[in-house]
Amino acid sequence: MKIMEVESIDSTNDYLLAHLHDLPSHTILRADYQTRGHGRRDHKWDSQSGENLLFSILIKDKIKPYEVSMVALYSIMEMMKHHGIQAYVKFPNDLYVNDDKICGILTQTIYEGTIQGIVIGIGLNVHDHDHMAMDQLVDEKLDVHDVMMEILNIFFKSLTINFSIIIDAINQRSYLKGKIIDYKDYGPVSFLSIDEDGYVFMKTKRGLYKYPVNEIQIGKVASN
């Protein structure tokens, strides 16, 4: 594992993608501040310098991007669980605590005929004063570097275990479980579970459907 830490950069994901062929697999890049931090569908990610955990992981192993994403979400949930925080997955790429977003991930893949590399970017609120953050939930002093190392230790161990264990844990901690929301043209939908192939099963008035998790777009969900 190669770890790089910088004060400021445009985007940790963009840097690793640009230097894909120059860096070894399991390269980690953390920044105190990102000038062009972004999430899924180019949503902007703002964070004050040194306030939150902003880092990316380069993976060149033979593994599916979807599996990397789920392992990352699982690893962050497990890290927070060790600190007494129960986080839940809001498909496809967010973690929520008490109905507020605390973490988002962005998975990007480089194809050159075949997959050349996967970059997983993680933005976790640790000391954020304007949004839900870890330090609001614990009675201990948190260091962003130490939190990152906790996540990485779980992440790389979790890449070696049966993927079904990861999926089972995520289904148990699904933020959408038990909620009924209006979704696109399906009308009221209950999201039941996610499978190992990246599909979410939905129950609607017209029956059961499965939908690619990466295509799901869900805004604010009202508490039931």
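The structure this text deals with has already been given above.
Small disclaimer: the values here were computed from a predicted structure and weren't measured.

Caption draft 1: Fine view of the overall build of the protein chain. For the protein chain, the helix and strand inventory stands at 4 helices and 11 strands. Whereas a compact globule of 224 residues would reach a radius of gyration of roughly 17 Å, the protein chain reaches 17 Å, a difference of no more than 12%. A principal-axis box enclosing the C-alpha atoms of the protein chain has dimensions of 50 × 45 × 30 Å. Per-residue burial over the protein chain gives 52% buried out of 224 residues. Considering only contacts in the protein chain between residues 6 or more positions apart, those separated by 24 or more positions represent 62%. Total accessible area computed for the protein chain in this model is approximately 11100 Å², and 46% of it derives from carbon and sulfur atoms. In the protein chain, the 23 positive side-chain charges and the 31 negative ones have mean positions that sit 8 Å from each other.

Caption draft 2: Structural context of the packing of helix H2 (residues 65-82) against helix H4 (residues 163-172). Two elements in contact, H2 and H4, have axes whose closest approach is 10 Å; the angle formed by their N-to-C orientations is 55 degrees. As the angle between them shows, H2 and H4 are arranged oblique. Where H2 crosses over H4, the two elements pack in a sense that is left-handed. Residues Tyr66, Glu67, Met70, Val71, Tyr74 and Met77 of H2 form the contact with H4, whose own contacting residues are Phe163, Ile166, Ile167, Ala169 and Ile170. The class makeup of the residues in the contact of H2 with H4 is 10 nonpolar, no polar and 1 charged.

Caption draft 3: Here's a closer look at the sheet that holds strand E10 (residues 199-204). A sheet is described by the order of its strands in space; here 4 strands give the open sequence E8-E9-E10-E11, paired in antiparallel fashion. Both edges of this open sheet fall to strand E8 (180-182) and strand E11 (207-212), since each of them pairs with a single strand only. Taking the axes of each pair of neighbouring strands and ignoring which way they run, one obtains an average angle of 40 degrees across the sheet. Summarising the sheet, strand E9 (residues 188-194) and E10 pair through 4 bridges and their orientation is antiparallel. Note that in E10 the partner of Ser193 across the bridge is Phe201.

Caption draft 4: Inspection of the sheet that holds strand E4 (residues 88-90) at higher detail. Strand order in this open sheet of 7 strands is E1-E2-E3-E7-E6-E5-E4, and the pairing throughout is mixed. For this open sheet the edge positions go to strand E1 (2-9) and E4, each flanked by a neighbour on one side alone. Sheet twist, expressed as the mean angle between neighbouring strand axes with direction ignored, is 20 degrees. Its contacts with the sheet place helix H3 (residues 144-158) against E1, strand E2 (27-34), strand E3 (53-59) and strand E7 (114-124), and it is angled at close to 30 degrees to E3.

Caption draft 5: Examining the pairing of E2 more closely. Burial analysis of E2 places 6 of its 8 residues in the buried class, the great majority of the element. Each parallel crossover has a hand, and for E1 linked through helix H1 (residues 12-18) to E2 it is right-handed. Two elements, E2 and E3, share 5 bridges in a ladder whose sense is antiparallel. Its bridge partner being in E3, Ala31 is matched across the sheet by Leu54.

Caption draft 6: Main features of the nonpolar core. Counting residues in hydrophobic clusters, the biggest one holds 62 residues, and the most contacted among them are Ile57, Ile76, Met80, Leu124 and Phe191. It is H2 that provides the largest number of residues to this core, a total of 11 residues. Other than its neighbours up to four places away in sequence, Ile57 contacts Leu16, Thr27, Ile28, Ile118, Val119, Ile120, Ile122, Leu152, Phe155 and Phe156. By size, the runner-up hydrophobic cluster in this structure holds 10 residues, among which are Met4, Leu29, Leu58 and Val119.

How each quantity is defined
- Residues numbered from 1 in each chain as written.
- Predicted model: local features only at pLDDT ≥ 70, side-chain atom pairs only at ≥ 80, totals over all residues.
- Heavy atoms only, no water.
- Helix = DSSP H or I, 4+ residues; strand = E, 2+ residues; numbered from the N terminus.
- Rg over C-alpha atoms; globule rule 2.2 N^0.38 Å.
- Buried < 20%, exposed > 50% of the residue type's maximum accessible area, 1.4 Å probe, protein only.
- Contact = heavy atoms within 4.5 Å.
- Areas by Shrake-Rupley, 256 points an atom, 1.4 Å probe, with all protein chains shown as cover.
- Lys, Arg positive; Asp, Glu negative; His and termini not counted.
- Charge placed at Lys NZ, Arg CZ, Asp CG, Glu CD.
- Axes fitted to C-alpha atoms, helices over the stretch in contact; angles between N-to-C directions.
- Parallel < 35°, antiparallel > 145°, perpendicular 65-115°, else oblique.
- Left-handed = near helix turned anticlockwise from the far one by under 90°.
- Nonpolar A, V, L, I, M, F, W, Y, C, P; charged D, E, K, R; others polar.
- Pairing = 2+ DSSP bridges.
- Right-handed = clockwise from strand over helix to strand, strands pointing away.
- Core = buried A, V, L, I, M, F, W, Y, C linked by side-chain atoms within 4.5 Å.

Function cannot be read off these values alone, since they describe shape.
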